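Residue-level structural notes
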Amino acid sequence: QVQLVESGGGLVQAGGSLRPSCAASGDTFSRYVMGWFRQAPGKEREFVASISRSGGRTSYADSVKGRFTISRDNAKKTVYLQMNSLKPEDTATYYCNVYVEKDFWGQGTQVTVSS
């Protein structure tokens, strides 16, 4: 069983920055690819970014490339999402994800970007 706890969301003006984080339980954090997804009201959950086990490879949705950076600290069992140049359309609940025989999700952290 894996538990994920997100934090670090908030309210920010357009052009601002936030850095949500996701803390994982268990001893096998470094074995798994970690990801961030988001879901805006009335929309489906969508992929934002992922990072390989060592952190050497990352992948991003086109909508956030060049503005968001995913990173991880395996010693702290934490994954981060540095979000810069935020836009109102980035407003959503952001979820941490890991696949270990099935998908595990955190409770989400709300990000609201005002225009």
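Structure first, text after, so check above.
What you are looking at is a predicted structure, and each value in this text was computed from that prediction instead of being measured. (Residues numbered from 1 in each chain as written. Predicted model: local features only at pLDDT ≥ 70, side-chain atom pairs only at ≥ 80, totals over all residues. Heavy atoms only, no water.)

Let us look at the overall build of the protein chain. Of the regular secondary structure elements, the protein chain holds 0 helices and 11 strands. Tracing the protein chain from N to C terminus, the helices and strands come up as β-β-β-β-β-β-β-β-β-β-β. In terms of overall dimensions, the protein chain is globule-like: its C-alpha atoms have a radius of gyration of 13 Å, near the 13 Å expected for 115 residues. Across its three principal axes, the protein chain shows a C-alpha extent of roughly 40 × 25 × 20 Å. By residue count, 43% of the 115 residues in the protein chain fall in the buried class. Across the protein chain, the fraction of contacts at a sequence separation of at least 24, relative to all contacts at a separation of at least 6, is 52%. Separation of charge centres in the protein chain, based on 14 positive and 10 negative side chains, amounts to 5 Å. (Helix = DSSP H or I, 4+ residues; strand = E, 2+ residues; numbered from the N terminus. Rg over C-alpha atoms; globule rule 2.2 N^0.38 Å. Buried < 20%, exposed > 50% of the residue type's maximum accessible area, 1.4 Å probe, protein only. Contact = heavy atoms within 4.5 Å. Lys, Arg positive; Asp, Glu negative; His and termini not counted. Charge placed at Lys NZ, Arg CZ, Asp CG, Glu CD.)

The next thing to look at is the state of the cysteines. Applying the stated criterion across every chain yields a total of 1 disulfide. Two residues, Cys 22 and Cys 96, share a disulfide whose sulfurs are 2.2 Å apart. Because the sign of the S-S torsion sets the handedness, a value of about -85 degrees for the bond joining Cys 22 and Cys 96 places this disulfide among the left-handed ones. Of this pair, Cys 22 sits in strand β3 (residues 21-24) while Cys 96 sits in strand β9 (residues 92-99), placing them 74 residues apart in sequence. As far as burial versus exposure is concerned, Cys 22 and Cys 96 are alike and both buried. (Disulfide = S-S within 2.5 Å.)

Mapped onto the elements, Thr 78 comes out in strand β8 (residues 78-83). For Thr 78, the side chain forms a polar contact with the main-chain oxygen of Lys 76, separated by 2.9 Å. Other than its neighbours up to four places away in sequence, Thr 78 contacts Ser 21, Cys 22, Ala 23, Phe 29, Ser 71, Arg 72 and Asp 73. (Polar contact = N/O pair within 3.5 Å; in protein donor to acceptor, adjacent residues only side chain to side chain.)

The next thing to look at is the sheet that holds strand β7 (residues 68-73). Within the open sheet, the 4 strands sit side by side as β1-β3-β8-β7. Their pairing is antiparallel. Each end of this open sheet is capped by a strand with a single partner; those strands are β1 (4-7) and β7. Neighbour-to-neighbour, the strand axes of the sheet open up by a mean angle of 15 degrees, direction not taken into account. In terms of strand pairing, β3 meets β8 through 3 bridges, oriented antiparallel. In the sheet register, Ser 21 faces β8, and the bridge partner there is Tyr 80. (Pairing = 2+ DSSP bridges. Axes fitted to C-alpha atoms, helices over the stretch in contact; angles between N-to-C directions.)

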